[in-house]
Amino acid sequence: MNTDILEGKWKQTKGEIKAKWGKLTDDEIDVAKGNTEKFLGIMQEKYGMEREEAQKELDKITR
């Protein structure tokens, strides 16, 4: 997903992220603030995902 699009849709997407990935804290989500790379890094760390897998999961909710 285009970084600009994610940043623009961040408030909408944040709720979906919280619902789908319950292990993520509000603070972790807020750290990303729409920054795709930061968010993917958090997903990799928290869920043990490969970057590509994390990207696919994020793409599912941001389409």
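Note: the structure precedes this text.
Please read these numbers as outputs of a predicted model, since none were measured by experiment.

Conventions adopted
- Residues numbered from 1 in each chain as written.
- Predicted model: local features only at pLDDT ≥ 70, side-chain atom pairs only at ≥ 80, totals over all residues.
- Heavy atoms only, no water.
- Core = buried A, V, L, I, M, F, W, Y, C linked by side-chain atoms within 4.5 Å.
- Buried < 20%, exposed > 50% of the residue type's maximum accessible area, 1.4 Å probe, protein only.
- Helix = DSSP H or I, 4+ residues; strand = E, 2+ residues; numbered from the N terminus.
- Contact = heavy atoms within 4.5 Å.
- Salt bridge = Lys/Arg side-chain N within 4 Å of Asp/Glu carboxyl O.
- Axes fitted to C-alpha atoms, helices over the stretch in contact; angles between N-to-C directions.
- Parallel < 35°, antiparallel > 145°, perpendicular 65-115°, else oblique.
- Left-handed = near helix turned anticlockwise from the far one by under 90°.
- Nonpolar A, V, L, I, M, F, W, Y, C, P; charged D, E, K, R; others polar.
- Expected span 1.5 Å × (residues − 1).

Engineer: Looking at this structure, how should I read the nonpolar core?
Structural biologist: One broad trend across soluble globular proteins is that nonpolar side chains are buried collectively. Counting 14 residues, the largest nonpolar core has W10, I17, W21, L24, F39 and M43 as its most contacted members. Counting only elements with at least two residues in this core, the list comes to α2 (10-20), α3 (26-32), α4 (36-47) and α5 (51-62). Excluding anything up to four places from it in sequence, I17 contacts W10, L24, I29, F39 and I61.

Engineer: Please explain the pattern of salt bridges as it appears in this structure.
Structural biologist: Should the charged atoms of two oppositely charged side chains come close, the side chains can pair. For the structure on display, the rule yields six salt bridges. Measuring nitrogen to oxygen at the nearest pair gives 3.3 Å for the salt bridge that ties E57 to K20. Here K20 lies in helix α2 and E57 lies in helix α5, a separation of 37 residues in the sequence. E57 sits in the buried class, given a relative accessible area of 15%. Taken together, the salt bridges that share partners define one network made up of K20, E57 and K60.

Engineer: I keep staring at the packing of α4 against α5 and nothing clicks. Help me out?
Structural biologist: Helices that pack against each other are described as a pair by the angle of their axes relative to one another and the distance between those axes. Orientation of α4 relative to α5, taken along the N-to-C sense of each, is 115 degrees, at an axis distance of 9 Å. Between α4 and α5, the crossing angle belongs to the class labelled roughly perpendicular. Where α4 crosses over α5, the handedness of that crossing is right-handed. Facing α4, whose interface residues are T36, E37, F39, L40, M43 and Q44, α5 presents R51, A54, Q55 and L58. Its residues assigned to classes, the contact of α4 with α5 shows five nonpolar, three polar and two charged.

Engineer: Teacher, can you tell me more about α5 here?
Structural biologist: With 12 residues, α5 should cover 16 Å at 1.5 Å per step; its first-to-last C-alpha distance of 16 Å lies within 8% of that length. Those residues of α5 that sit buried are A54, Q55, E57, L58, D59, I61 and T62.

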